[in-house]
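Observations on the model geometry
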Amino acid sequence: MALRHAVLTALLDGEHSGYQLAKSFDVGMANFWHALPQQLYAELAKLEADGLVAGREVVQEARPNKRLFTVTDAGLAELRRFARTPSKPSFIRDDLLVKVAAADAVDAAELIAQLDERAAIAGAKVELFDKLMRKMRGELGEAEYLAHGTQVGPYLTLLRGRRFESENREWCTEAASVLRARAGADVTR
């Protein structure tokens, strides 16, 4: 997947400035695609040059002008083409897992601290995803939203992100517990 497809997808919600795109990207796409704001601005320029997004300038008083972008018909066609291509299986590439694999040769206390930190970060992401999903659902229960709600794609990706982070938190907690027990010491959190 290229960054262009992630940007096109993020713009499906409607017209966004580069700043708005970076903010919505950080919340809605960050659980499966990371990009720096500079990368997003550069990609918007490429997409506009390729005719996949259209930009328009908005004149603002007492502020610099801004550009707002929308997906064009050609951009939608590109997303449809991308959706038809087979996806490659994903894989985990995580430096913390390399450190855990070396657990017998490294400082257990330091590794436990990193696992505890990762578990806390994962827990915070679970809470964020829960909040975003509740906001999307409104008064609907999850099953009803999944069957009849709008924007089911973004909801499903949040659900996947939540499950990933929940499992990540569970595994980090378990791994830290095993290392604590094996160290035979009560390493504080």
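None of these values were measured; they are calculated from a predicted model.

The end-to-end C-alpha distance of helix 3 (residues 37-49) is 19 Å, a good match for the 18 Å that 13 residues give at a rise of 1.5 Å each. The set of residues buried in helix 3 consists of L40, E43, L44 and L47. Buried residues of helix 3, viewed axially, fall in a sector of 110°; they line one side. Facing away from the buried side of helix 3 by more than 90 degrees, the exposed set consists of Q38 and A49. Taken from the residues just after helix 3, G51 is the one with a positive phi, measuring 75°.

Mapped onto the fold, S24 is located in helix 2 (residues 18-28). Among the residues examined, S24 registers a relative accessible area of 28% and is labelled partly exposed. For the pair S24 and L11, spaced 13 residues apart in the sequence, the C-alpha separation amounts to 9.3 Å. In contact with S24, not counting residues within four places along its chain, are H16 and M29.

We note that the domain assignment places domain 1 (3-84) and domain 2 (95-188) within the protein chain. For domain 1 and domain 2, the distance between their C-alpha centroids amounts to 29 Å. At the interface, five residues of domain 1 touch six residues of domain 2. Residues that form the side of domain 1 that touches domain 2 fall into these classes: two nonpolar, two polar and one charged.

This brings us to the side chain of E78. Structurally, E78 can be placed in helix 4 (residues 73-84). Given the relative accessible area of 15%, E78 is considered buried. Apart from the residues within four sequence positions on either side, E78 is in contact with H5, L8 and L52.

Moving on, we come to the sheet that holds strand 1 (residues 16-17). Read from one edge to the other, the open sheet built from three strands follows the order 1-3-2, with strand pairing classed as antiparallel. Only two strands of the sheet have a single neighbouring strand rather than two, namely strand 1 and strand 2 (53-58). Note: strand 2 against strand 3 (residues 66-71), six bridges, orientation antiparallel. Bridging across to strand 3, A54 finds its partner in T70. Here helix 3 sits on the sheet in contact with strand 2 and strand 3, set at roughly 110° to strand 2.

Parameters and conventions
Residues numbered from 1 in each chain as written. Predicted model: local features only at pLDDT ≥ 70, side-chain atom pairs only at ≥ 80, totals over all residues. Heavy atoms only, no water. Helix = DSSP H or I, 4+ residues; strand = E, 2+ residues; numbered from the N terminus. Expected span 1.5 Å × (residues − 1). Buried < 20%, exposed > 50% of the residue type's maximum accessible area, 1.4 Å probe, protein only. Arc of directions from axis to C-beta. Contact = heavy atoms within 4.5 Å. Domains from an automatic or database assignment. Nonpolar A, V, L, I, M, F, W, Y, C, P; charged D, E, K, R; others polar. Pairing = 2+ DSSP bridges. Axes fitted to C-alpha atoms, helices over the stretch in contact; angles between N-to-C directions.

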